[in-house]
Amino acid sequence: MDVDTRLLRYFVVVAEEGSLTGAAQRLFVSQPALTKQIRRLEDELGVRLFVRSRSGMALTETGHELALRVPAVLEGWDEAVRATGRAARVLRLGFLDAGAVGAVPEAIAEFRRARPEWRVELRQFDWSDPSAGLSRGEVDAAVVRLPFPWQEAWAVRELFVEERGVLLPARHPLSDGETLRFCQLWDEPFVAAGAGTGAWREHWLASAERDGHPVKVGAVTSRPDEWLGAVAGGCVALAPASAARFYSHPGVVFRPVRGVSPSRVGLARRRGRTHEAALDELLEAIAAGLKRS
């Protein structure tokens, strides 16, 4: 029997969390989608893995037996993937937005000159996965914006800080201002990331910096083009200052904002993994390049 390893990863997280809500937040997926995948796994195995109740998800005896064995299976698979990458001399680096990786291509070029036998794959992920592929095991390391959900599970090295501003429709009454106060925006409809992104969504809505004023969500997006389109259509969005350089739209303007915390950018990798010389060298080159930029 062949089972998708993604289903097994979902199963492990639900078993650990004991609830679909907590597991969905940790996995950056919607609760209905996670429910569907757990049912699919049960159908493929022909057994019931959880007893569902208002208090959460309790493992059945069969589910408990599977939960004892699956982590070792997944770790073995992950190590096989890493070993394949090492044998092929491939390093995979995830990222979310161009502003966070401004100097990364130059750092990669420098690394390649020193280690020509290695290939570096730079992979962009949308905002439905703020870990930029780490949570799915798709990359060896990632350039991330902090905070992101469950970041304590990874080894994170903060690199630099940049101010956040706001993207406004070009026709917005506040678009002529030089620097805005965040409180001027509290009643505006904001563009938000998906609910499953947890701390990431709250940070980019600045929910904790509104003095209890409720957030009004006008659109939910996960990609830069959707994000800019939602702003051009009448919403507003907090954005790092680099967004003004890397993303443009004829119907959108960027303005600095006072009263909102900055964005922090870091490098994240698996915690406790054996340090591999090539990956260490690449990350050092990236850290040095981003600090200089």
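What counts and how
Residues numbered from 1 in each chain as written. Predicted model: local features only at pLDDT ≥ 70, side-chain atom pairs only at ≥ 80, totals over all residues. Heavy atoms only, no water. Helix = DSSP H or I, 4+ residues; strand = E, 2+ residues; numbered from the N terminus. Expected span 1.5 Å × (residues − 1). Buried < 20%, exposed > 50% of the residue type's maximum accessible area, 1.4 Å probe, protein only. Arc of directions from axis to C-beta. Contact = heavy atoms within 4.5 Å. Phe/Tyr/Trp six-rings, centres within 6.5 Å; stacked < 30°, edge-to-face > 60°. Lys NZ or Arg CZ within 6 Å of the ring centre and 35° of its normal. Disulfide = S-S within 2.5 Å. Patch = residues over 30% accessible without salt bridge, like charges linked within 9 Å, V, L, I, M, F, W, Y side chains within 5 Å. Areas by Shrake-Rupley, 256 points an atom, 1.4 Å probe, with all protein chains shown as cover. Salt bridge = Lys/Arg side-chain N within 4 Å of Asp/Glu carboxyl O. Core = buried A, V, L, I, M, F, W, Y, C linked by side-chain atoms within 4.5 Å.

*Asks:* How do you make sense of helix α3 (residues 31–45) when you look at a structure like this?
*Replies:* Helical periodicity: at 3.6 residues per turn, an α-helix aligns residues three or four positions apart in one direction. Along its 15 residues, α3 runs 21 Å from first to last C-alpha, staying within 8% of the 21 Å computed at 1.5 Å per residue. Burial in α3 covers these residues: Leu34, Thr35, Gln37, Ile38, Leu41 and Glu42. The buried side chains of α3 occupy one side of the element, clustering within an arc of 165° when seen end-on. Residues of α3 that are exposed and point over 90 degrees away from its buried face: Pro32, Lys36 and Asp43. Buried residues belonging to α3 abut α1 (5–17), α2 (20–27) and β1 (50–53). At the exit of α3 stands glycine 46, carrying a positive phi of roughly 75°.

*Asks:* Whenever I open this one, the packing of aromatic side chains confuses me. Can you help?
*Replies:* Two aromatic rings are characterised by how far apart their centres lie and by the angle between their planes. Going through the model one piece at a time under the given rule, you end up with six aromatic pairs. Through a chain of ring-to-ring contacts, the aromatic side chains of Trp127, Trp227 and Tyr247 assemble into a single cluster. Over the ring of tryptophan 204 we find arginine 164; its NZ or CZ atom is 5.1 Å from the centre of that ring. The side chain of arginine 210 reaches across the aromatic face of phenylalanine 190, ending 4.5 Å from its centre.

*Asks:* Help me understand the state of the cysteines, please; the structure alone is not making it clear to me.
*Replies:* In a disulfide, the sulfur atoms of two cysteines are covalently bonded to one another. Evaluated as defined, the whole model comprises zero disulfides. Left unpaired, cysteine 235 is separated from the closest cysteine sulfur, that of cysteine 183, by 20 Å. Residue class for cysteine 235 comes out buried when judged on its relative accessible area of 8%.

*Asks:* Sorry, what's going on with a nonpolar patch on the surface here?
*Replies:* Together, Val215, Val217 and Val220 make up a nonpolar patch on the protein surface, roughly 210 Å² of accessible area in all. Mapped onto the fold, valine 217 is located in strand β10 (residues 216–220).

*Asks:* Explain unusual backbone geometry here, please?
*Replies:* The step from leucine 146 to proline 147 runs through a cis peptide bond, and the omega angle for that step is 0°. With respect to the helices and strands, proline 147 occurs in the loop between β5 (141–146) and β6 (154–162). Phi at alanine 206 is positive, roughly 50°, even though this residue is not glycine. Along the polypeptide, alanine 206 turns up in the loop between α6 (199–205) and β10. Judged by relative accessible area, alanine 206 falls into the buried class, the value being 1%. The backbone of aspartate 211 sits at a positive phi, close to 50°, despite the residue not being glycine. Take aspartate 211: it is sitting in the loop between α6 and β10.

*Asks:* When you look at the pattern of salt bridges in this model, what are you seeing that I'm missing?
*Replies:* Where charged atoms from two side chains of opposite charge approach closely, those side chains can pair. Inspection of every chain in the model, using the stated rule, returns 16 salt bridges. A salt bridge links glutamate 42 to arginine 52; the shortest N-O distance between them is 2.9 Å. Of this pair, glutamate 42 sits in helix α3 while arginine 52 sits in strand β1, and the two are ten residues apart along the sequence. A relative accessible area of 31% means that arginine 52 is categorised as partly exposed. Measuring nitrogen to oxygen at the nearest pair gives 2.9 Å for the salt bridge that ties arginine 119 to glutamate 121.

*Asks:* I'm lost on the nonpolar core in this one. Help?
*Replies:* By size, the foremost hydrophobic cluster in this structure holds 46 residues, and its most contacted members are Leu167, Leu168, Phe182, Leu185 and Trp227. Broken down by secondary-structure element, the contributors of at least two residues to this core are β5, β7 (164–169), β9 (189–192), α6, α7 (224–232), β11 (237–240) and β12 (252–258). Broken down by element, this core gets its largest block of residues, five residues, from α7. Once residues within four sequence positions are removed from consideration, leucine 168 is found in contact with Leu174, Ser175, Leu180, Leu185, Val231, Val236, Gly251, Val252, Val253 and Arg255. Counting residues in each nonpolar core, the second largest holds 26 residues, with Ala107, Trp118, Ala278 and Leu282 among its members.

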